[in-house]
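Below, each chain spelled out in residue letters.
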Amino acid sequence: DAAADSRGVVRAGCGGQAWSTYGSVLEALHTGTFEERSAKFIYAQTAVPGGGSAGRTNCQLVHDQGFGHESLTPSYEDGSPPHEPFMIQRQDITDHARNEAAYAKVYAYASVPFAIDLIAQAAQLSHGLVVGICGSNNGTWRNTQPIIPGYQETIWRHWVYVGGAFLKNGKKTLCILNSWGKNFGDDGWQFINEDYLLGRTKSGPNLFGAWTLVYNTNT
């Protein structure tokens, strides 16, 4: 889940970014106050050798440990997007950060079938979800609506938070919050329509994962 930006630079930890964004939303809905949650708290503990993280592993971690505070485990290097060596420093997670994370746990999680209507329904009922999509450096990922990768293009895999679903130009469309910053799309938000989601690249389907969470209100 290490995706490349428009310059081809690989940024680490998009799984941590997507799950922590989802956690921030769920916790804010429960408490009425917004506290940014740490991508590094998740990714440092779930990253696999060579970069990337698995959906089920990320879900299990926030179920068992909760969502860490960004203020206690910063996910940026001097305010800049992080690189892999920084994001996998598990020793940066303090006991205090772990104790505070335990107040914001997931009660349950589930994998959502790769059907646009079910994903849209999950986004509505569960205050969003995380999906994994394939993309390429085809020059459109700075725009609000990236285009489908060409079949022979080099593909990267990317976890993103889905904040909603609606019809756009007659197409069923997911509204995603990209973790690359506010200079991409519309203040960070982009639109992925059903043609993109149901398409394929040479490495397989454009959609490779979809996960929904239920917040544990008892914590």
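Scroll up for the structure.
Worth saying up front: this structure is predicted, and the values here are computed from it rather than measured.

Chemist: Is there a simple way to explain the pattern of salt bridges in this structure?
Modeler: Pairing between side chains of opposite charge can happen when the charged atoms of each approach one another. In the structure shown here, the tally under the stated rule is five salt bridges. Note that Lys171 is salt-bridged to Asp195, the shortest N-O span being 3.0 Å. You can see Lys171 sitting in strand S6 (residues 171-177) and its partner Asp195 sitting in helix H7 (residues 194-197), a full 24 residues away along the chain. When its relative accessible area of 30% is taken as the criterion, Lys171 is described as partly exposed. Asp195 gets classed as partly exposed once you look at its relative accessible area, which sits at 36%. Look at the salt bridges and you will find they share partners, linking Glu27, Glu35 and Arg37 into a network.

Chemist: Where do I start with the packing of aromatic side chains in this structure?
Modeler: The description of an aromatic ring pair rests on the distance of the ring centres and on the angle between the ring planes. Per the counting criterion, the structure on display carries 10 aromatic pairs. With 5.2 Å between their ring centres and 65° between their planes, Trp141 and Trp156 make a pair best called edge-to-face. Here Trp156 lies in strand S5 (residues 156-168) and Trp141 lies in the loop between strand S4 (129-135) and S5, a separation of 15 residues in the sequence. One exposure class covers both Trp141 and Trp156, and it is buried. Through a chain of ring-to-ring contacts, three or more aromatic side chains come together here, namely Trp141, Trp156, Trp180, Phe184 and Tyr196.

Chemist: I would appreciate a short explanation of unusual backbone geometry in the present structure.
Modeler: Trans peptide bonds make up the majority, and among non-glycine residues the majority have a negative phi. A positive phi angle, near 55°, is found at Asn169, a position not held by glycine. Summarising the element assignment, Asn169 is placed in the loop between S5 and S6. One non-glycine residue, Asp187, adopts positive backbone phi at about 60°. Looking at the element boundaries, Asp187 is found in the loop between S6 and strand S7 (189-193).

Chemist: Would you take a moment to explain the environment of Thr173 for this structure?
Modeler: Summarising the element assignment, Thr173 is placed in strand S6. Residue Thr173 is classed as buried on the basis of its relative accessible area, which comes to 3%. Between the alpha carbons of Thr173 and Asp117 there is a distance of 9.9 Å; along the sequence they are 56 residues apart. Other than its neighbours up to four places away in sequence, Thr173 contacts Gly164, Ala165, Phe166, Lys168, Phe191, Ile192 and Asn193. At 3.0 Å, the side chain of Thr173 and the backbone oxygen of Lys171 are in polar contact.

Chemist: Could you clarify how one ought to interpret the packing of helix H1 (residues 14-31) against helix H2 (residues 39-46) in this entry?
Modeler: Between H1 and H2, whose axes approach to 7 Å, the crossing angle comes to 135°. For the element pair H1 / H2, the angle class is oblique. Crossing hand, H1 versus H2: right-handed. Of the residues in H2, those touching H1 at Gly16, Gln17, Trp19 and Ser20 are Ala39, Ile42 and Tyr43. Each residue belonging to the contact of H1 with H2 can be placed in one class, and the counts come to four nonpolar, three polar and no charged.

Chemist: Looking at this structure, how should I read the environment of Gly16?
Modeler: Positionally, Gly16 belongs in helix H1. A C-alpha to C-alpha distance of 16 Å links Gly16 and Arg98, two positions 82 residues apart in sequence.

Chemist: Explain the sheet that holds S6 to me, please; I cannot follow it from the model alone.
Modeler: Remark on secondary structure: sheet strands pair via backbone hydrogen bonds, oriented parallel or antiparallel. Spatially, six strands are ordered S3-S10-S4-S5-S6-S7 in an open sheet, and the strand pairing comes out antiparallel. At either margin of the open sheet sits one strand with a lone partner, and together these are strand S3 (106-111) and S7. Between one strand axis and the next, the sheet turns through 40° on average, direction left out of account. Bridging between S3 and strand S10 (residues 207-215) involves five bridges; their strand directions are antiparallel. Its bridge partner lying in S10, Ser111 is registered against Trp211. Packing against the sheet, H1 makes contact with S4, S5, S6 and S10, and its axis sits at approximately 40° to S5.

Conventions and cut-offs
- Residues numbered from 1 in each chain as written.
- Predicted model: local features only at pLDDT ≥ 70, side-chain atom pairs only at ≥ 80, totals over all residues.
- Heavy atoms only, no water.
- Salt bridge = Lys/Arg side-chain N within 4 Å of Asp/Glu carboxyl O.
- Helix = DSSP H or I, 4+ residues; strand = E, 2+ residues; numbered from the N terminus.
- Buried < 20%, exposed > 50% of the residue type's maximum accessible area, 1.4 Å probe, protein only.
- Phe/Tyr/Trp six-rings, centres within 6.5 Å; stacked < 30°, edge-to-face > 60°.
- Contact = heavy atoms within 4.5 Å.
- Polar contact = N/O pair within 3.5 Å; in protein donor to acceptor, adjacent residues only side chain to side chain.
- Axes fitted to C-alpha atoms, helices over the stretch in contact; angles between N-to-C directions.
- Parallel < 35°, antiparallel > 145°, perpendicular 65-115°, else oblique.
- Left-handed = near helix turned anticlockwise from the far one by under 90°.
- Nonpolar A, V, L, I, M, F, W, Y, C, P; charged D, E, K, R; others polar.
- Pairing = 2+ DSSP bridges.

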